[in-house]
Amino acid sequence: RPAKTHEVCHRIVEKAFHEGIRQGLASGVVVPGATRGVSAEHFLKVRMEPSTQELVHLEAKQRQKLELVVQACFAGGTAKRIPMADEDLDGLPEHLRKAWASRMGSWAVWRSAKFSLPADRGTLTRVLPFVRSGESRRRVFEAYFEQVHKGGVHEAALELLRTRQRLARQFGFDSWAAYELRAMAASRPEEARRLMDSCWKDAQRGLAPMWKSMDEFAGGAATASGRQRSGSLLEHVSHADEAFYRAHVTHEMDVLKLAEFLSAPTALRGLLDVVGQAYNVRFQEARLDHVSSGWRSSVSVLEMLDSGPHGRRLGFVYVELEQQRRWFSQPLTLPPGASLLSPGQVYLGMNFSRASRGHTKLLNFDEATMIAHELGHAVHMLCQSGTTQDWDDQPLDLIELPSTLAETVATHPAIVMQYARHHASGGPPQESLAKSCSQAASRSLVRYLQSASVSLGLHSEAFDAEAATPDQLRAESVALWQRYSPVVAHPIFTPFGEDAGLYLAMGSNHVAYLLCHMRADALLHGGQRSRTQDLAKRWLSPEFAGKLRAQLLDRSFSGQRLATLMPPPGAASTPGAVAKTAGPSSGAALHPLP
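Because the structure is a prediction, the values reported are computed rather than measured.

(A) Main features of the side chain of E14. Within the element layout of this structure, E14 appears in helix α1 (residues 3-27). Aside from chain neighbours lying at most four places away, what touches E14 is H42, K45 and H57.

Written as structure tokens, this is what we have:
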């Protein structure tokens, strides 16, 4: 449906809904924390003054604007393309470089070189890990981040931060981070920062052997070129070269080869089986009349039932793997997501890039991980017994736990071997290919810490968005990124060219994912380490799955956010503002999980 029409209709309905809540509060029919079907977000909006409501709508618009600006930077903006010859791309597999060559081949006489590379993020992630020429890596790195600087991302981020800072103060909190973290186990920005610092300290011990190998491999090249030591954890590795040396040491090319074993239709069926076994449910395909239902032809529907031959129906999952076609503009690189449309109805939009016409979509390992994660959300949404508002009221570190656990199970090397099959021969991958994914996970952890650090720091009280300039914002974001980086940031670098821009748009509570991974590890391993095959059998056994489901999916956790964000009924509060609950750690005390 047209976005503008949807926005207008949503506002009309929301206005009528809020008026009903006001009348219910006045008559005593609606009781905060007790009446089901009204989320904490709507209670907050009803209590706001008109000026505060205007700020809420402004924050939503600025968040959307930042997301669009970041997406435009990922797509390369209006930057000039980068000409390169065959020798400039030595080391990059042919199938990754052919998209940059002209279809006319040698007849394309207007080109100054055989390949014309866009200065976008896709080029960055292909060139930096695999191209052997340091000069080529430097050119791509600098061209990409130069266009990010010119894309207006810092100005858009600063506008959003200023609005959120004003909103948080009207809600009665010192910062936006304090407001968003209030309902979580790590309920204050200082607690979240200490947890991230502790994780980084532990991660350095595990990553030290890899970093040592990278530094030794790069040391010869640095000595030959006369490069000075940087004084960082990786003394001989520059920022633009880090991905190349890491890919060499960890055999990152193996992760690319794994895509040949992850044909989208086959991998999806395997992941459905794995996630279903992990939570004692099963999925089966259902017929969908796309004409009468209004769903796009690219959407498939799955019926989810309790495990067993006569299991009760829990609901339906509508799955769309590939992003929608955009005929007159570049496709957006949107993150995947799960939406609870209504009780028993869940939509999963993965937003993957489309396969070439006539070819089957091959998933990379990150995409397979995302499918497992979103399927975990779908199972959680369909098993929980509350309304959509009850779902929205759960703390983020509770919402993300079942999906994080499903992702952790599905990406274990022994379980990857169960669903990965070659797209042509149907055979399983070599064990070394499946194990290579654990190296990718370590890199993902570092990237997560860097981007989460930027978002948390810029939303905290220490950063004054009202007084800051775009240049000061960039300098502060680089310092926050550097806190968890083994290399010194390049002078032209900005974290908003990586995931930090989207992290900031989404909010400041990304420490929730770290909490979920820690809890998932405790649930799956229980403090003990077993053989790989034994773990796979245990995690997918009906007994273990039944315990997980009873602990995570069949319990009711409604009212948590409401209790931490609103004062008790009848308590005095400033009109239009949200009072804090008593005690600095009351949010943690109310949280249902450790």
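Still more ground to cover, so stick around.
(B) Layout of the side chain of E400. With respect to the element layout, E400 can be found in the loop between α16 (396-399) and α17 (401-410). Comment: no salt bridge for buried E400; closest opposite-charge side chain is R519, at 11 Å. Of the polar contacts made by the side chain of E400, one reaches the side chain of H377; its length is 3.1 Å.

(C) The arrangement of the packing of helix α14 (residues 365-383) against α17 in detail. Two elements in contact, α14 and α17, have axes whose closest approach is 7 Å; the angle formed by their N-to-C orientations is 140°. Judged on the interaxial angle alone, α17 and α14 are oblique. Seen from above, α14 lies across α17 with right-handed handedness. Residue-level contacts link T369, A372, H373, G376, H377 and H380 of α14 to P402, S403, T404, A406, E407 and A410 of α17. Residue composition of the contact of α14 with α17, grouped by class: 4 nonpolar, 7 polar and 1 charged.

(D) The layout of surface pockets, seen in detail. Taken as a whole, the second largest pocket encloses approximately 520 Å³ of empty space. Looking at the second largest pocket, it is lined by 23 residues, and the ones nearest its centre are A264, P265, L268, S300 and L321. Listed by contribution, the elements that provide at least two residues to the lining of the second largest pocket are α12 (264-278), β3 (281-286), β4 (300-306) and β5 (313-322). The greatest single-element share of the lining of the second largest pocket, amounting to 6 residues, is contributed by α12. When its residues are assigned to classes, the lining of the second largest pocket shows 9 nonpolar, 6 polar and 8 charged.

(E) Seen up close, the sheet that holds strand β6 (residues 337-342). In spatial order, the strands read β3-β4-β5-β7-β6; together these 5 strands make up an open sheet with mixed pairing. Each edge of the open sheet carries a strand with a single partner, namely β3 and β6. Averaged over all adjacent pairs, the angle separating strand axes in this sheet is 25°, with direction ignored. When β3 meets β4, the two strands line up antiparallel, connected through 6 bridges. Bridging from a neighbouring strand, R282 pairs with L305 of β4. Of the strands in this sheet, β3, β4 and β5 are in contact with α12, which crosses β3 at around 145°.

(F) How the structure looks around the packing of aromatic side chains. This structure, assessed with the given rule, holds 13 aromatic pairs. Residues W200 and Y484 carry aromatic rings whose centres are separated by 5.9 Å and whose planes lie at 65° to one another, so their mutual orientation is edge-to-face. Here the residue W200 occupies a position in helix α9 (residues 189-225), and Y484 occupies one in the loop between α21 (470-482) and α22 (500-506), the gap between them amounting to 284 residues. Overall, the relative accessible area of 0% leaves Y484 in the buried class. Taking 4.6 Å as the distance between ring centres and 50° as the angle between the ring planes, the aromatic pair formed by W481 and F493 counts as tilted. Here W481 is found in helix α21, whereas its partner F493 is found in the loop between α21 and α22, with 12 residues between them in sequence. For the pair W481 and F493, a shared accessibility class is recorded, and that class is buried. Each residue in the set F141, Y144, F145, W481 and F493 is aromatic and connected to the rest through ring pairs, giving one cluster.

(G) Local environment of the nonpolar core. The biggest cluster of nonpolar side chains holds 82 residues, and the ones touching the most others in it are L66, L117 and L458. When residues of this core are assigned to their parent elements, the largest contribution, 11 residues, is made by α9. With sequence-adjacent residues up to four places away left out, L458 is seen in contact with L161, F463, L473, E476, S477, L480, F496 and L504. F352, M381, C383 and A420 belong to the second largest nonpolar core, which has 63 residues in total.

(H) Layout of empty space enclosed by the protein. Taken as a whole, this structure holds 2 cavities of 30 Å³ or more when the rule is applied. In this structure, the largest cavity is lined by 14 residues; those nearest its centre are Q165, S175, H459, S460 and F463. The biggest single contributor to the lining of the largest cavity is helix α7 (residues 153-171), with 4 residues. Looking at the lining of the largest cavity residue by residue, the classes come out as 5 nonpolar, 4 polar and 5 charged. Computed from the structure, the second largest cavity encloses a volume of approximately 60 Å³. Secondary-structure elements contributing two or more residues to the lining of the second largest cavity are α9, α10 (242-250) and α20 (437-458). Broken down by element, the lining of the second largest cavity gets its largest block of residues, 4 residues, from α9. Taken together, the residues that form the lining of the second largest cavity break down as 6 nonpolar, no polar and 3 charged.

(I) Spatial organisation of the pattern of salt bridges. One pass over the structure, following the stated rule, counts 30 salt bridges. Among the ionic pairs, E59 bridges to R63, the shortest N-O distance being 2.9 Å. One end of the pair, E59, and the other, R63, are both in helix α3 (residues 50-74), 4 residues apart, so they sit about a helical turn from each other. A residue is classified by how much of its surface remains accessible, and R63, at 29% relative accessible area, is partly exposed.

Rules behind the numbers
Residues numbered from 1 in each chain as written. Predicted model: local features only at pLDDT ≥ 70, side-chain atom pairs only at ≥ 80, totals over all residues. Heavy atoms only, no water. Helix = DSSP H or I, 4+ residues; strand = E, 2+ residues; numbered from the N terminus. Contact = heavy atoms within 4.5 Å. Buried < 20%, exposed > 50% of the residue type's maximum accessible area, 1.4 Å probe, protein only. Lys, Arg positive; Asp, Glu negative; His and termini not counted. Salt bridge = Lys/Arg side-chain N within 4 Å of Asp/Glu carboxyl O. Polar contact = N/O pair within 3.5 Å; in protein donor to acceptor, adjacent residues only side chain to side chain. Axes fitted to C-alpha atoms, helices over the stretch in contact; angles between N-to-C directions. Parallel < 35°, antiparallel > 145°, perpendicular 65-115°, else oblique. Left-handed = near helix turned anticlockwise from the far one by under 90°. Nonpolar A, V, L, I, M, F, W, Y, C, P; charged D, E, K, R; others polar. 1 Å grid on protein atoms, 1.4 Å probe; cavity = no way out; pocket = protein on both sides within 12 Å on 5 of 7 lines; lining within 4 Å. Points joined across faces, edges and corners; volume = space filled by probe spheres on them. Pairing = 2+ DSSP bridges. Phe/Tyr/Trp six-rings, centres within 6.5 Å; stacked < 30°, edge-to-face > 60°. Core = buried A, V, L, I, M, F, W, Y, C linked by side-chain atoms within 4.5 Å.

Coordinates in, geometry out; function isn't part of it.
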